[in-house]
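Residues per chain, in single letters:
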Amino acid sequence: MAVTCQLFRVICGRELGQIWAPAILCQTCCQFSHPCKAANQPNAKSYPRWHLSRAYGTSAARPTYYLTPPQVNSILKANEYSFKVPEFDGKNLSSVMGFDSNQLPANAPIEDRRSAATCLQTRGMLYGVFDGHAGCACAQALSERLFYYIAVSLLPHETRVELENAVESGRPLQPILQWHKHPNDYFSREASHLYFSSLRTYWQELLDLSTAGEQPDVAEALVNAFKRLDNDISLEAQVGDANAFLHYWVLRVAFSGATACVAHVDGNDLHIANTGDGRAVLGVQEADGSFSALTLSNDHNAQNEAEVRRVRAEHPRAEAKTVVKQDRLLGLLMPFRAFGDVKFKWSIELQRRVLESGPDQLHENEHAKFIPPNYHTPPYLTAEPEIIRHRLRPQDRFLVLGSDGLWETLHRQEVVRIVGEYLTGVHQQQPITVGGYKVTLGQMQGLLQERKARISSTFEDQNAATHLIRHAVGSNEFGTVDHERLSKMLSLPEELARMYRDDITVIIVQFNPHVIGAQQK
Amino acid sequence: MHSCVWSSRALSPALLPRLFSDTRCCGPRLDRLVLWGSVRLLATAQDSHPTPLPSQARVVICGGGIVGTSVAYHLAKLGWTEIVLLEQGRLGAGTTRLSAGIVSVAKPIAIESQMADYSNALYERLEEETGVKTGFVRTGSLCLAQNQDRFISLKRLASRLKVLGIACDVVKPKDVAKLHPLVNIHDLVGALHLPRDAVVSAPDVNHALAMAAVGHGVQIYERTSVNHVLVEKGHVTGVETERGTIECEYFVNCAGQWAYELGQSSEVKVSVPLHGCEHFYLLTKPLQEPLPPNTPVVMDMDGRIYVRAWQGGVLSGGFEKNPKPIFTEGRNQLEIQNMQEDWDHFEPMLSALLRRMPSLESCEIHQLVNCPESFTPDMRCLMGETPGVHGYFVLAGMNSSGLSFAGGAGKYLAEWMTYGYPSANVWPLDIKRFGNLQSSRTFLRHRVMEVMPLLYELKVPRWDFQTGRQLRTSPLYDRLDTQGARWMEKHGFERAKYFVPAGKDLLALDQSKTFYKPDWFDIVGAEVKCCKEAVCVIDMSSFTKFELTSSGDQALELLQRLCANDLDVPVGHIVHTGMLNERGGYENDCSVVRLSKNSFFIISPTDQQVHCWSWIKRHMPSDTQLHLEDVSWKFTALNLIGPRAMDVLSELSYVSMTPEHFPSLFCKEMSVGYANGIRVMSMTHTGEPGFMLYIPIEYALHVYNEVMAVGQKYGIRNAGYYALRSLRIEKFFAFWGQDLESFTTPLECGREFRVKFDKHTDFLGRAALLQQRQEGVTRRFIMLVLEDHDTELDLWPWWGEPIYRNRELVGVTTSSAYSYTLERHVCLGFVSPPSLDGTPAVVTPDFINRGDYEVDIAGQRYPAKAKLYPFSSLFAQQRRRKDDMELSNFQGK
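Residues numbered from 1 in each chain as written. Chains lettered and ligands numbered in written order. Predicted model: local features only at pLDDT ≥ 70, side-chain atom pairs only at ≥ 80, totals over all residues. Heavy atoms only, no water.

### As for the pairing of strand E9 (residues 291-295) of chain A
Residue and element names in this part refer to chain A.
At step 1: As paired strands, strand E8 (residues 279-285) and E9 are joined by five bridges and run antiparallel to one another. By the bridge assignment, glutamine 285 is partnered in E9 with phenylalanine 291.
At step 2: Between E8 and the antiparallel strand that follows it, E9, lie five residues; glycine 289 among them carries a positive phi value of about 95 degrees. (Pairing = 2+ DSSP bridges. Helix = DSSP H or I, 4+ residues; strand = E, 2+ residues; numbered from the N terminus.)

This is the structure:
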């Protein structure tokens, strides 16, 4: 521990002083007993990325043992989940064949979350990847709540009336969502009541605004749901709760942050709502069988010039230099849009007031009182998503939703190629023809055995997301999975892992080209 | 000259450059051939005015591959005229074009080795006969063994080949190195050297056969597709082609890959159960030191590959574990021309090749050839007249041995068409062993995926197919399965082999493969003991069951004509009888029950379903009052075997079942439990006391449950076919299809008592039998009890083992089993005295009784005691009955 602390200090140099994330925002209370570790809990979004990752061979903390292939597999497969959708469920044809999802932690505990659900009162399926920072609380809340907000926004007026009547009269509710959850994806029981009442308030307001026979627009519904949930998170933190634990929890949610990348698929209609630097990429199969990537979201970070312009335009000219500094918002935050993160949204007074009235744990940590520098005209941050609508075509074979941990290790074109080849099977592997070349039997055998080895690594995974993560973590410079490298990356000690890789979360949704083709006509 | 043009075109020179020069250089001789053979004009697409087809012919052969031309050649040789051969593309453009060219006698069963041996001799003399170069080189071949089990199977093959008079030597690995310069012998246990095996150029042989056929008056038309076959009243009347109709009496389907569809497109659908699989072989460029053309062919079956010399380099292919079935949805000419190479698929075979011949590593690749082959559900080819349509013959489904078989198979089929039967027993190849039930495309697709790898897989005694199972089952299948039944399949029907007691585990399938004592030895022993001492139930529902009824006595008349025994017995009697052909040989061996004056219940072996049906139908007068019905599916058959069977039944029916009240070989309709109308027959198919119950299927479960419940106190248990087999063989009961076939007469197997020469009807085969009785039999069915054979340590006999008498080869075994009673192995088989003056010698009692007999199991000879009658002690438990020997004796396998 001491060694890594030391190492960390040396490497991070003076930036250590800029840590704003209050240690209290970390998930478990026991961490308070060890301030050193707490202070070093790396914050995903607020540090400059460590790009030394490929040079781990010289690291002082070089692991001395290797994992066996089964051990590697058990780590990679611990969080994998697959769901197959029947092509015809008795009512509707499904354009989605199923999805695979998986996540690989780098932070301990992991700060990424994922959700997948089928809308029961309306049509369509929802998928979301949430990348938390400064703790996982906000991402956790999103994974539980956001789809309900979206589903409620999508409900026609009549259904909302029915829903309200049912709650009013104490009748059991028709379920709105059918969740597709991995056993490790938990819902917090304590907060459910609070969440429900906020949700109910939302649909009551929607009831007042809508009229009978009105069909909500999907894009509009998504924007409303995103903004409303962020607003509710903020309000709940301001209001607090009589229950000390809950009060503390809502504060943790509000003071931590999360990006969200959500896909809504209904028949041939695909909507992507993105807030932050998660990304949605469509795998398109070309006529020649190869795959190309079609990105369906824009990253909200400093690399996106439009975003930089937007952020600068929202604040006085005097702040132009400070509002985006070192490619970060206010020099601190990588994503330019996010849920939670009230430190970038509330006024300084509001932050002080809430912290003072908050539970004792907040006072004990000085970082909680940290206010971002050059904080003049809040809010600096919004949760409003950017919506991209896409009409699915038969050549659109799959959609990859991933947290930035995936996209920074693999290029999107590479991601689409790996997934595409996996899903279509080895048959798509370019067949060998000798043609007029001079090839000896020995050379051919070597080539074939190499190809076979490649195929067998493909078939180690039953889950496309696992397969993709295996490549993301274990690919060597030749683009093939190198067991040694994979083993090293996965056996990094907890406190080092985050320096070499980020949490990776992947959802791969596979489309049914026949259904899509039929619906197109 | 015309012929020369045709020949080079026929061989698609562009595709086979290597043949081109050959064809050219023998051009002058071709011309001469043309002169003496009255060659008719041959139609090709290039001709602007294609020769019109003849309007009629005697026989039309469809398919110009090596099989079709061989049939044409042999028919012409047998004196047939007006033979027309139609080929949809060009001669030999299908599988023949891509054949690897190996002619080997290393085949799993004797008749196949015989066919290959004949082909070998034919191809050798063909060049002389026709002047067409066939590329025949007598290279010999080497079958390698990488392990002891494979070596055993090769030694077994060697002893079988010796019986056929085919030269072969079992050799040591270092001899292999002497015979073949490239073979790595370090992991070899031994090998079998077949010095007479050869390689040829299949398209050239095809061409030579075609030339010779043309020389004998056969008319060949290329680029002429058969649309369908015209059938009238169950007879072929003509063939409709895209270029007009040809009237004909006979049609031969030699369409190879296309045979299935051609059969389906006939007016009366003909089932030709075969399915295509991709087959790959590799051609290399010449080695640095070119491999001489007479280098032996290597068959490394454990490596799943074969290798032959080819133009200084090698040709190597194999039968991989995961074959790629193709054309399930149908096929066309184009596809077969454009098959893709698949190197990834070939990788295991390439690795096996480089392991066997490491020095080939630096050899350059010429081409990977993908050549679709057709396979059948049981690895044997399809030959003979189809059951439904007279005059419709088939020869197809060569299981990638088309070249080896074509000569012999063509000869047998030509004989069949000429004389009504071939000169050897071809029942294992007879298309009538299959019925419509094997015609499902899904079944064929799955089964051929198993069959193709099986070609080179080690085949141990009693192996079963694993795919395409559970097609036909008894209504008791689930009940028996939960009680530990292990299953085998016959004609699509699941039959229990034995029952694994609860709590006892047998070896996994792969591990249980052995040539020695099998893991079920004690289990079957317990079942046999129970049959001897208490009572056992065996589900024998798979039997073929027919009902023959008539208004008058037509049914009796027909059966009296067909059966050697006298069927004019009182109602309720059961008669065991053979159905013989004109030669006196068994076409079927069955039990006939006289249900009433004019109705008979005929019980035949399982795989007789199609064959027996067509045999009876063929001899049945077209009389609307006479009716034959297949009732196999209507009855479940339970066999109660053992001394306590009568107690169980009498308790269930309140009727005394003792021999005084229910004598042997009687049938009564009675009630068993609540179920009425059960046909109870006092026979067991094993020689033990007991009963057969023929139960309408809806009562099957009830009767079974009742029998098991009541039988409890008598120690009843389930038994399977292995117990049955042990029981029947120790009692010297022959079984049709294994011991008896169409060349065996009742006199040769000691069943004269079942032939009633003096009955008033002149039954089929009577004259032949009378003559044989006069002259004496030249072969005799005997029973051999192995002595000095250690059941634990020695190889077990199976069937096909040579029998020696005084060190002289006298016969072959046909079946064998361990007798738990005698505690010895018992083999059944035929022996014939060696002829002294060229004419067959007659079997005398001395020949059997005096002489030191030995059975050769994989090269090791075990002394055996020869017997003409079973041990009477085996029957001690039964009350002595006059008709002890009359107990039934056919059964499946």
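Further notes follow.
### Structural notes on the interface of chain A and chain B
At step 1: Chain A puts 15 residues into the contact, and the matching count from chain B is 16 residues.
At step 2: Of the roughly 1500 Å² buried between chain A and chain B, counting both surfaces, carbon and sulfur atoms make up 61%.
At step 3: At the surface where chain A touches chain B, the tally comes to zero salt bridges.
At step 4: On the surface where chain A and chain B come into contact, there are eight residue pairs in polar contact (both at pLDDT 80 or more).
At step 5: Residues of the side of chain A that touches chain B, tallied by class, amount to six nonpolar, six polar and three charged. (Contact = heavy atoms within 4.5 Å. Buried area = accessible area lost by both parts, 1.4 Å probe. Salt bridge = Lys/Arg side-chain N within 4 Å of Asp/Glu carboxyl O. Polar contact = N/O pair within 3.5 Å; in protein donor to acceptor, adjacent residues only side chain to side chain. Nonpolar A, V, L, I, M, F, W, Y, C, P; charged D, E, K, R; others polar.)

### Points about the side chain of asparagine 304 of chain A
Residues and elements named next belong to chain A.
At step 1: Along the chain, the position of asparagine 304 falls in the loop between E9 and helix H9 (305-313).
At step 2: When its relative accessible area of 16% is taken as the criterion, asparagine 304 is described as buried.
At step 3: Residues contacting asparagine 304, with those up to four places away along its chain left out, are Asn298 and Asp299. (Buried < 20%, exposed > 50% of the residue type's maximum accessible area, 1.4 Å probe, protein only.)

### A look at the packing of aromatic side chains
At step 1: Across all of its chains, the model carries 40 aromatic pairs over all chains by this definition.
At step 2: On the numbers, 5.0 Å between centres and 90 degrees between planes, the contact of tryptophan 179 of chain A with phenylalanine 187 of chain A is edge-to-face.
At step 3: In this structure phenylalanine 187 of chain A comes out as partly exposed when scored by relative accessible area, which is 30%.
At step 4: Seen from their ring centres, tryptophan 343 of chain B and phenylalanine 346 of chain B are 6.1 Å apart, and the 90 degrees between their planes marks the pair as edge-to-face. Of this pair, tryptophan 343 of chain B and phenylalanine 346 of chain B both sit in helix H11 (residues 343-356), three residues apart, which is roughly one turn of the helix. Each member of the pair, tryptophan 343 of chain B together with phenylalanine 346 of chain B, is buried.
At step 5: Taken together through their ring pairs, the aromatic side chains of Tyr498, Trp520, Phe521, Tyr722, Trp796, Tyr818 and Tyr820 of chain B make up a single cluster.
At step 6: The cationic tip of arginine 583 of chain B hangs over the ring face of tyrosine 421 of chain B; the distance from NZ or CZ to the ring centre is 3.6 Å.
At step 7: Between the NZ or CZ atom of lysine 668 of chain B and the centre of the ring of phenylalanine 662 of chain B, over which it lies, the distance is 4.6 Å. (Phe/Tyr/Trp six-rings, centres within 6.5 Å; stacked < 30°, edge-to-face > 60°. Lys NZ or Arg CZ within 6 Å of the ring centre and 35° of its normal.)

### Some remarks on the confidence of the model for chain B
At step 1: For chain B, the mean per-residue pLDDT works out to 88, and 91% of the residues sit at or above 70.
At step 2: Note on residues 876-893 of chain B: pLDDT under 50 across the span, and 62 contacts to partners over four residues away in sequence or across chains. (pLDDT = per-residue confidence, 0-100.)

### Topic: the nonpolar core
At step 1: Within the largest apolar cluster, 56 residues are counted, with the highest numbers of intra-cluster contacts made by Ile61, Tyr123 and Met383 of chain B.
At step 2: Residue assignment for this core shows that the elements contributing at least two residues are strand E1 (59-62), helix H4 (66-77), strand E2 (83-86), helix H5 (110-130), helix H8 (202-215), strand E12 (250-253), strand E22 (392-396) and helix H12 (402-419) of chain B.
At step 3: Formed by 54 residues, the second largest nonpolar core is a distinct cluster that contains Cys138, Leu163, Trp179 and Ala273 of chain A. (Core = buried A, V, L, I, M, F, W, Y, C linked by side-chain atoms within 4.5 Å.)

### Topic: the sheet that holds strand E33 (residues 675-681) of chain B
All names here are of chain B.
At step 1: Strand order in this open sheet of six strands is E32-E33-E34-E31-E25-E35, and the pairing throughout is mixed. Edge positions in the open sheet fall to strand E32 (667-672) and strand E35 (717-718), since each of these has one partner strand only.
At step 2: Pairing of strand E25 (residues 536-539) with strand E31 (residues 635-641) involves four bridges; the strand directions are antiparallel. Its bridge partner being in E31, isoleucine 538 is matched across the sheet by asparagine 639.

### Concerning the pattern of salt bridges
At step 1: Counted according to the given criterion, the structure contains 60 salt bridges over all chains.
At step 2: Note that glutamate 249 of chain B and arginine 58 of chain B form a salt bridge whose closest N and O atoms lie 3.6 Å from each other. One end of the pair, glutamate 249 of chain B, is in the loop between strand E11 (244-247) and E12; the other, arginine 58 of chain B, is in the loop between helix H3 (27-36) and E1, with 191 residues separating them in the sequence.
At step 3: Among the ionic contacts, a cluster of salt bridges with common partners joins Glu307, Arg310, Glu314 and Arg337 of chain A.

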